[in-house]
Amino acid sequence: MSMESHRVIEVFKTIEEFEQKAAEEIIRATNQAIRDRGVCFLALSGGETPRRVYRRLGTEHLKNQVNWKCVYLFFSDERSVPQTDPQSNFGMARLSLISQVDIPQEQVHRMKGEINPTVAAEEYEREIHEAFGERQVRFDLVLLGVGEDGHTASIFPGTSIVKEKRALARALFVPRLNSWRVTLTFGAINNAREVLFLASGKQKAAIVRCIVSASEPTEELPATMVQPVDGTLRWMIDEEAASELKSGGGS
Ligand code: 6PG
């Protein structure tokens, strides 16, 4: 594990250990928020790597370590598809985690992939503010994956949204995917108490190295722009994803 300012990089020998420890970290951060403030505002990422961690988190032994009635669940991004579509991040989280835990449905805030994305993003912004009520709008934990092009959430290289700091959620068209997305912005992500990147597999080794070794944030690699203002940035990766890092995981 290496520490740079508030950045922690943890490398795990096997995918099983990675998934277990990532699930345990989500439990730790969630319970810390509940201890400190009575509630936890948690944003889930999409992607295959996070999905495997959610499935682990939803198992009998682990899920009962969280009082889900104190959790308010959000999403870091969503594809422009109905929640029943296999591409839906909400649909994936419902199958792997939400259906396994007793979180009140009114505390699950999905981005509506089935409606006009610009309207969905505006609605989501309002829904975030309503959910936080009088509280400071600050997620306790934002989970993120990272794409091989350096995107995170649905903030893709070369899109204008990399500059967005005022809005908490925005819609964007992603030319390389030829599709619309709704995503949290860096305005929301970098205000979190903890941001946790989850990455695994050899195919992520090059991008993990580029991001971790970047001397400064760059719009070409949006994941480098995840810099919590007053929070912890944690990377949890398996050895394959860490295989291009110098020993110790640091830059
Ligand atoms: C999405 C995600 C995206 C994802 C990364 C990594 O909606 O696709 O939010 O940011 O986390 O692309 O996905 P994998 O873990 O499947 O590689």
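This text gives an overview of the structure that appears in the document.

Cut-offs applied
Residues numbered from 1 in each chain as written. Predicted model: local features only at pLDDT ≥ 70, side-chain atom pairs only at ≥ 80, totals over all residues. Heavy atoms only, no water. Helix = DSSP H or I, 4+ residues; strand = E, 2+ residues; numbered from the N terminus. Rg over C-alpha atoms; globule rule 2.2 N^0.38 Å. Buried < 20%, exposed > 50% of the residue type's maximum accessible area, 1.4 Å probe, protein only. Contact = heavy atoms within 4.5 Å. Disulfide = S-S within 2.5 Å. 1 Å grid on protein atoms, 1.4 Å probe; cavity = no way out; pocket = protein on both sides within 12 Å on 5 of 7 lines; lining within 4 Å. Points joined across faces, edges and corners; volume = space filled by probe spheres on them. Nonpolar A, V, L, I, M, F, W, Y, C, P; charged D, E, K, R; others polar.

1. Focus: the overall build of the protein chain
Assigned secondary structure in the protein chain consists of seven helices and ten strands. A compact globule built from 251 residues would reach a C-alpha radius of gyration of about 18 Å, and the protein chain, at 17 Å, matches this within 12%. A principal-axis box enclosing the C-alpha atoms of the protein chain has dimensions of 45 × 40 × 35 Å. A total of 251 residues make up the protein chain; the buried ones form 57% of that total. Taking contacts inside the protein chain between residues at least 6 apart in sequence as the whole, the part at least 24 apart equals 76%.

2. A short note on the state of the cysteines
Per the counting criterion, the structure on display carries zero disulfides. The thiol sulfur of Cys70 is not disulfide-bonded, and the nearest other cysteine sulfur, from Cys40, lies at 9.5 Å.

3. Things to note about empty space enclosed by the protein
Overall, the coordinates contain one cavity of 30 Å³ or more when judged by the stated rule. Of the volumes computed, that of the largest cavity is approximately 30 Å³. The wall of the largest cavity is formed by Arg110, Met111, Lys112, Ala120, Glu123, Tyr124 and Glu127. Looking at side-chain class alone, the lining of the largest cavity contains three nonpolar, no polar and four charged residues.

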